Amino acid sequence: MIVPRRVALRSLFALAVTAFTGGALGRITTRPPSGAPAGNARDPHAFDEMYGGRHLLGRSGPGGEPVALVDGRPLHLMRCADGGYVTPIDHYESCPTPLAAVRAAVDGLGTARLSPLAAAHGVHTDPTGGSPRGVHA
């Protein structure tokens, strides 16, 4: 059976398009996200952003647990049984990621500064007269 030239050319064209598309998609899927810092591309807890007028910075700590800073002050993150995170600012709302928990804490702080004791696990009051939720007026 002889294959007409037109069918052979269409087949070769379809094969070339398929190969080119697969190669292009392969490069796109291996590229890090555009908003992620290049050095922390593999750090699942890395973030560096401005939110609500505050500078939020996060990374993985020595044991792989997330470490978060709000305007340079540490904010303690606690892991929940459901896999989410809570902060001393709001123990009642579990957030799915460390970044979401820090954003919720910033929303809860409003215009108040983060207390230096908000980083200490188990410390819920400020001896200088601050709020039991870890904020200063």
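Residues numbered from 1 in each chain as written. Predicted model: local features only at pLDDT ≥ 70, side-chain atom pairs only at ≥ 80, totals over all residues. Heavy atoms only, no water.

## Notes on the confidence of the model for the chain
Stated precisely, the cut-off is as follows: Confidence scores labelled pLDDT are given residue by residue by the predictor and lie between 0 and 100. Only DSSP runs of H or I reaching four residues or more are called helices, and only runs of E reaching two or more are called strands; each is numbered from the N terminus. Note on definitions: a residue-residue contact is assigned when non-hydrogen atoms from the two residues lie within 4.5 Å.
Of all residues in the chain, 67% attain a pLDDT of 70 or more, and the chain-wide mean is 75. Per-element confidence in the chain ranges from a low mean pLDDT of 48 for strand β9 (residues 135-136) to a high of 93 for strand β1 (residues 47-51). Here residues 122-137 is modelled with pLDDT under 50, and outside its nearest four sequence neighbours on either side it reaches 32 contacts, counting other chains as well.

## A look at a nonpolar patch on the surface
Basically, it comes down to this: The residues that make up patches have over 30% relative accessible area and no salt bridge, and they are joined within 9 Å when like-charged or within 5 Å when they are Val, Leu, Ile, Met, Phe, Trp or Tyr. Each accessible area is a Shrake-Rupley result for a 1.4 Å probe, and residues are judged covered by the shown protein chains and nothing else. Only one rule defines a salt bridge in this text: a Lys or Arg side-chain nitrogen within 4 Å of an Asp or Glu carboxyl oxygen.
Residues Leu9, Leu12 and Leu15 make up a contiguous nonpolar surface patch of about 330 Å² in total accessible area. Summarising the element assignment, Leu15 is placed in helix α1 (residues 5-30).

## Some details on the side chain of Arg54
What counts is decided by this rule: Burial here depends on accessible area, computed with a 1.4 Å probe over protein chains only, as a share of the maximum for the residue type. Under 20% is buried, over 50% is exposed, and the range in between is partly exposed. Polar contact criterion, stated in full: a pair of N or O atoms within 3.5 Å, where within protein one must be able to donate a hydrogen and the other to accept it, and residues adjacent in sequence count only if both atoms are side-chain atoms.
One can find Arg54 in strand β2 (residues 54-60). Residue Arg54 is classed as buried on the basis of its relative accessible area, which comes to 8%. Among the polar contacts made by the side chain of Arg54, one reaches the main-chain carbonyl oxygen of Gly110 at a distance of 2.8 Å. Those residues in contact with Arg54 that sit more than four places away from it in its chain are Glu49, Val70, Asp71, Val106, Leu109, Gly110, Thr111, Ala112, Arg113 and Leu114.

## Considerations on the sheet that holds strand β4 (residues 73-75)
In sheet architecture, strand pairing relies on hydrogen bonds along the backbone and comes in two forms, parallel and antiparallel. Here is the rule: Only when DSSP finds a minimum of two bridges between them are two strands counted as paired. Every axis corresponds to a line fitted to the C-alpha atoms, with the helix fit spanning only the stretch in contact, and the corresponding angles, defined between N-to-C directions, vary from 0 to 180 degrees.
The four strands are arranged β1-β2-β3-β4 in an open sheet whose pairing can be described as antiparallel. The strands lining the two open edges of the sheet, one partner per strand, are β1 and β4. For this sheet, the mean inter-axis angle between neighbouring strands, taken without regard to orientation, is 25°. Strand direction decides the pairing type here: β1 and β2, joined by five bridges, are antiparallel. Paired with Phe47 across the bridge in β2 is Gly58. Against the sheet, helix α2 (residues 98-109) engages β1, β2, β3 (66-70) and β4, with an angle of about 25° to β1.

## Description of the environment of Pro66
As for its position among the elements, Pro66 is in strand β3. Under the relative-accessibility criterion, Pro66 is labelled buried at 11%. Between the C-alpha atom of Pro66 and that of Leu77, which follows or precedes it by eleven residues, the distance is 7.1 Å. With residues up to four places along the chain from it excluded, the contact list for Pro66 reads His45, Arg59, Leu77, Tyr85 and Pro98.

## Digging into the sheet that holds strand β6 (residues 85-87)
What the three strands build is an open sheet, ordered β5-β6-β7; its pairing is antiparallel. Both outer strands of the open sheet, β5 (78-79) and β7 (90-95), are each paired with one neighbouring strand and no more. Bridging between β6 and β7 involves two bridges; their strand directions are antiparallel. Within the sheet, the bridge partner assigned to Thr87 lies in β7 and is Asp90.

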